[in-house]
Amino acid sequence: MPTRQNSVRVVPHPGAITIASVRGVLDQDTYPQIRDGLLKIAAESSDGLLADVEQLEIPDAELAGVFRLVALRVRDWPAIPFALVTARPEQRAMLGRRVPVHPDVPSAEAALTRPARRRVGRLFARSPRTSARARGFVRGTCAEWMVPELAEDAELVATELVENALRHTDSVPRLRLDLRRGRLTVEVADESARPAVLREGLDLLETGLGLRMVTKVAKRWGSSRSWSGGKTVWAVLGRA
């Protein structure tokens, strides 16, 4: 008789603070579904992500580390607070060693620390001038936000990420800048779910210098899929 596999559902409820309900059983098979589902939802969350796990069964406490992993990932990007919600005392005792846990949504929202941030984005039409327009947008924004020392690296990153989207997808790239705690994040979203990857043996005569240049100037970078489809490639720059 075949063994019945457990299942899990991760459902987002969008808002300034997104609430994701996680239901089912956490085991080795559903671990990646929970991890990837929460990370995709985080990619489209603005001010924070709360995971309601009250209806999630966790037979193995070791696998509860998935929530610590999600918290560490979203700390770098999209740099939002993450916490769990459950009214079950045994869950709070188990999970509280890994991430903040609250008994209900109102108390979780009240406890979230949301540092001041500035955000701006723009959609750029595909044309031979797209990269130049993106650089101008970055340069002007860095001047307005009074972080001119980050402008050069931010322009380089924006150029490479926009060029990458133009070369490898049919999408219209969406560029967004995010300033938080002295760190500037440059993000480019497109409609392709294919992750951005470093290429070996890069020909420096090609248009653009590739993601390898991004890794040289960024503190962190990554390629994150979104819940609604597509991906965002991002890089975090800092004041040193």
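Further up the page is the structure itself.
Residues numbered from 1 in each chain as written. Predicted model: local features only at pLDDT ≥ 70, side-chain atom pairs only at ≥ 80, totals over all residues. Heavy atoms only, no water.

S.K.: It is not clear to me how the sheet that holds strand β11 (residues 231-237) should be interpreted in this structure. Could you clarify?
M.R.: Neighbouring strands of a sheet are bound in pairs by backbone hydrogen bonds; such pairs are parallel or else antiparallel. Reading across from one edge, β7-β8-β9-β11-β10 is the order of the 5 strands in this open sheet, with antiparallel pairing throughout. The sheet is open, and its two edges are formed by β7 (117-123) and β10 (220-225), each paired on a single side. This sheet shows a mean twist of 15° between the axes of neighbouring strands, independent of strand direction. In this sheet, β11 lies alongside strand β9 (residues 183-190) in antiparallel orientation, the contact comprising 7 bridges. Paired with alanine 189 across the strands is threonine 232, a residue of β11. (Pairing = 2+ DSSP bridges. Helix = DSSP H or I, 4+ residues; strand = E, 2+ residues; numbered from the N terminus. Axes fitted to C-alpha atoms, helices over the stretch in contact; angles between N-to-C directions.)

S.K.: Sorry, what's going on with the packing of helix α1 (residues 31-42) against helix α2 (residues 65-76) here?
M.R.: For any two helices packed against each other, one specifies the crossing angle of their axes together with the interaxial distance. Axis separation between α1 and α2 bottoms out at 10 Å; the angle between their running directions is 25°. Considered as vectors, α1 and α2 are oriented roughly parallel to each other. As α1 packs across α2, the resulting crossing turns out to be right-handed. Contact with α1, carried on its side by Tyr31, Ile34, Arg35, Leu38, Leu39 and Ala42, involves Gly65, Val66, Phe67, Leu69, Val70, Arg73 and Val74 of α2 and no other residues of that element. Looking at side-chain class alone, the contact of α1 with α2 contains 10 nonpolar, 1 polar and 2 charged residues. (Parallel < 35°, antiparallel > 145°, perpendicular 65-115°, else oblique. Left-handed = near helix turned anticlockwise from the far one by under 90°. Contact = heavy atoms within 4.5 Å. Nonpolar A, V, L, I, M, F, W, Y, C, P; charged D, E, K, R; others polar.)

S.K.: Please clarify how the pairing of β9 should be interpreted in this entry.
M.R.: In regular strands, side chains alternate between the two faces of the sheet. Most of β9 is tucked away, with 6 of its 8 residues classed as buried. For strand β8 (residues 174-180) and β9, the ladder comprises 7 bridges, and the chain directions are antiparallel. Along β9, the bridge assignment pairs leucine 177 with valine 186. The turn joining β8 and β9, which pair antiparallel and follow one another in sequence, is formed by 2 residues; a positive phi near 55° is taken by arginine 181. (Buried < 20%, exposed > 50% of the residue type's maximum accessible area, 1.4 Å probe, protein only.)

S.K.: I would appreciate a short explanation of the environment of leucine 156 in the present structure.
M.R.: For leucine 156, the position within the fold is in helix α6 (residues 151-168). In this structure, the C-alpha to C-alpha distance between leucine 156 and serine 131, residues 25 residues apart in sequence, is 9.9 Å. For leucine 156, the residues in contact, after removing those within four places along its chain, are Met213 and Val217.

S.K.: Is there a simple way to think about the packing of aromatic side chains in this case?
M.R.: Evaluation of the coordinates by the stated rule reveals 2 aromatic pairs. With a centroid separation of 5.7 Å and 10° between ring planes, the pair formed by tryptophan 77 and tryptophan 234 is classed as stacked. Within this pair, whereas tryptophan 77 is found in the loop between α2 and β5 (82-85), its partner tryptophan 234 is found in strand β11, the two being separated by 157 residues in sequence. Exposure class is identical for tryptophan 77 and tryptophan 234. Each is buried. Plain terms: the ring middles of phenylalanine 124 and phenylalanine 137 are 5.9 Å apart, the flat faces sit at 70° to each other, and that makes the pair edge-to-face. (Phe/Tyr/Trp six-rings, centres within 6.5 Å; stacked < 30°, edge-to-face > 60°.)

S.K.: Sorry if this is basic, but what is going on with α2 here?
M.R.: It helps to recall that an α-helix has 3.6 residues per turn; residues three or four apart then point in one direction. For α2, which comprises 12 residues, the first-to-last C-alpha distance of 18 Å matches the rise-based estimate of 16 Å (1.5 Å per residue) to within 8%. Of all the residues in α2, the buried ones are Val66, Phe67, Val70, Ala71 and Val74. One face of α2 carries all of its buried residues, which in axial projection span an arc of 140°. Those residues of α2 that are buried lie in contact with α1, β4 (56-57), β5 and α3 (89-95). (Expected span 1.5 Å × (residues − 1). Arc of directions from axis to C-beta.)

S.K.: Looking at this model, I keep getting lost on unusual backbone geometry. Mind explaining?
M.R.: Keep in mind that most residues, glycine aside, have a negative phi and that most peptide bonds are trans. Cis geometry marks the peptide bond from tryptophan 77 to proline 78, where omega comes out at 5°. Take proline 78: it is sitting in the loop between α2 and β5. One non-glycine residue, alanine 79, lies in positive phi territory at about 60°. The topology assignment puts alanine 79 in the loop between α2 and β5. In this structure alanine 79 comes out as buried when scored by relative accessible area, which is 12%. Here the phi dihedral of methionine 146 falls at roughly 60°; this positive angle occurs in a residue that is not glycine. You can see methionine 146 is positioned in the loop between α5 (130-144) and α6. Classification of methionine 146 by relative accessible area gives exposed; the value is 64%.

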